[in-house]
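# Close look at the chain arrangement
The lines below spell out each chain.
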Amino acid sequence: MKFAILLLPTLLACAEEATCPPGFSLDGEEVCQFDEAALTDLLTHFDDGSLVQVNAEPYMPPYSNTPIRRNVWISRLAIEDSPMNTVGLYRSINQDDWETALPADFPVGTVIVHEAVDREEPHGVEVRRADYKDDAGRGWWLRMIDDDGVIEDTTARQPCSDCHNEEQRASEGLWGIPTAAKGSGGG
């Protein structure tokens, strides 16, 4: 019994330690907040296990303005009231079905990286945030970020929401990956 009493404070201390998803950090009130520095740092090593690769093999996005080889990486987060996690939810997007909505919403804290495999351009990055609205009124922060964590100046580019929107895709504006690239695991 004495062992259990000594162990209980240790367990409580561990249970109280909050961990934030990649690209987020604790603020002064112990709440996970988007952290641009943490996100840009993540882009220097996103393939270290912090994110999960969704596709089995690099693929050429058939609907992209820049058809270059891609991999998609995503933070693995639980989805409230669903047995699915963010990896499974992203894999469920049917790239050829432009009308079906997702069965659940991606939670705040979701980070998606569209890796430019051969580095012809920066990686496309999407972050689901509670404290941000894009020009389409959604909580997706969309940027192009290179391997060094430098955010590309997007003023010369069309807004990402021109293609990543619900008018184009009912799946929160997300396009998914081709079925052939999904392979057999990763959910």
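This report concerns the structure included in the present document. Nothing here was measured: the structure is a model prediction, and the numbers come from that model.

### Thoughts on the environment of Met 144
- For Met 144, the position within the fold is in strand S7 (residues 140-145).
- Its relative accessible area of 7% is what places Met 144 among the buried residues.

### Regarding the nonpolar core
- Core analysis: the biggest nonpolar cluster contains 19 residues, and Val 72, Ile 74, Tyr 90, Phe 106, Ile 112 and Leu 174 have the highest contact counts within it.
- Looking at this core, the elements that each hand over two or more residues are strand S4 (70-74), helix H3 (86-91) and S7.
- Sequence-distant contacts of Ile 112, that is, excluding residues within four places in its chain, are made with Val 72, Trp 73, Ile 74, Tyr 90, Gly 124, Val 125, Glu 126, Trp 140 and Leu 174.
- Judged by nonpolar contacts, the second largest core, of 14 residues, contains Phe 24, Leu 39, Trp 73 and Ile 145.

### Here's the deal with the pairing of S7
- Most of S7 is tucked away: 5 of the 6 residues are buried.
- Bridge count between strand S6 (residues 123-128) and S7: 6 bridges; the pairing is antiparallel. By the bridge assignment, His 123 is partnered in S7 with Ile 145.

### Here we look at the pattern of salt bridges
- With the rule as written, the count across this model stands at 6 salt bridges.
- A salt bridge links Arg 70 to Glu 121, with the shortest nitrogen-to-oxygen separation between them at 2.4 Å. With Arg 70 in strand S4 and Glu 121 in the loop between strand S5 (111-116) and S6, this residue pair connects regions lying 51 residues apart in the sequence. Both residues of the pair, Arg 70 and Glu 121, belong to the buried class.
- A salt bridge links Glu 115 to Arg 119, with the shortest nitrogen-to-oxygen separation between them at 2.8 Å.

### Concerning the sheet that holds S5
- Judged by pairing direction, the sheet is antiparallel, and its 5 strands sit side by side in the order S3-S4-S5-S6-S7 without closing on themselves. On the outer flanks of this sheet lie strand S3 (52-53) and S7, each paired with one strand and no other.

### As for unusual backbone geometry
- Phi angles above zero are rare outside glycine, and Glu 30 is one such case at about 60 degrees.
- Inspection of the secondary structure puts Glu 30 in the loop between strand S1 (24-26) and strand S2 (32-34).
- On the basis of relative accessible area, Glu 30 is assigned to the exposed category, the value being 55%.
- In the Ramachandran plot, Arg 119 falls in the positive-phi region, its phi being about 60 degrees despite a non-glycine side chain.
- For Arg 119, the position within the fold is in the loop between S5 and S6.

### Regarding the state of the cysteines
- As enumerated under the stated definition, the model contains 1 disulfide in all.
- Two residues, Cys 20 and Cys 32, share a disulfide whose sulfurs are 2.1 Å apart. On the sign convention where negative is left-handed, the bridge of Cys 20 and Cys 32, at about -95 degrees about the S-S bond, is left-handed. You can see Cys 20 sitting in the loop between helix H1 (2-16) and S1 and its partner Cys 32 sitting in strand S2, a full 12 residues away along the chain.
- Taking relative accessible area as the criterion, Cys 32 reaches 30% and is therefore assigned partly exposed.

Analysis parameters
- Residues numbered from 1 in each chain as written.
- Predicted model: local features only at pLDDT ≥ 70, side-chain atom pairs only at ≥ 80, totals over all residues.
- Heavy atoms only, no water.
- Helix = DSSP H or I, 4+ residues; strand = E, 2+ residues; numbered from the N terminus.
- Buried < 20%, exposed > 50% of the residue type's maximum accessible area, 1.4 Å probe, protein only.
- Core = buried A, V, L, I, M, F, W, Y, C linked by side-chain atoms within 4.5 Å.
- Contact = heavy atoms within 4.5 Å.
- Pairing = 2+ DSSP bridges.
- Salt bridge = Lys/Arg side-chain N within 4 Å of Asp/Glu carboxyl O.
- Disulfide = S-S within 2.5 Å.

Purely geometric numbers; function is a separate question.
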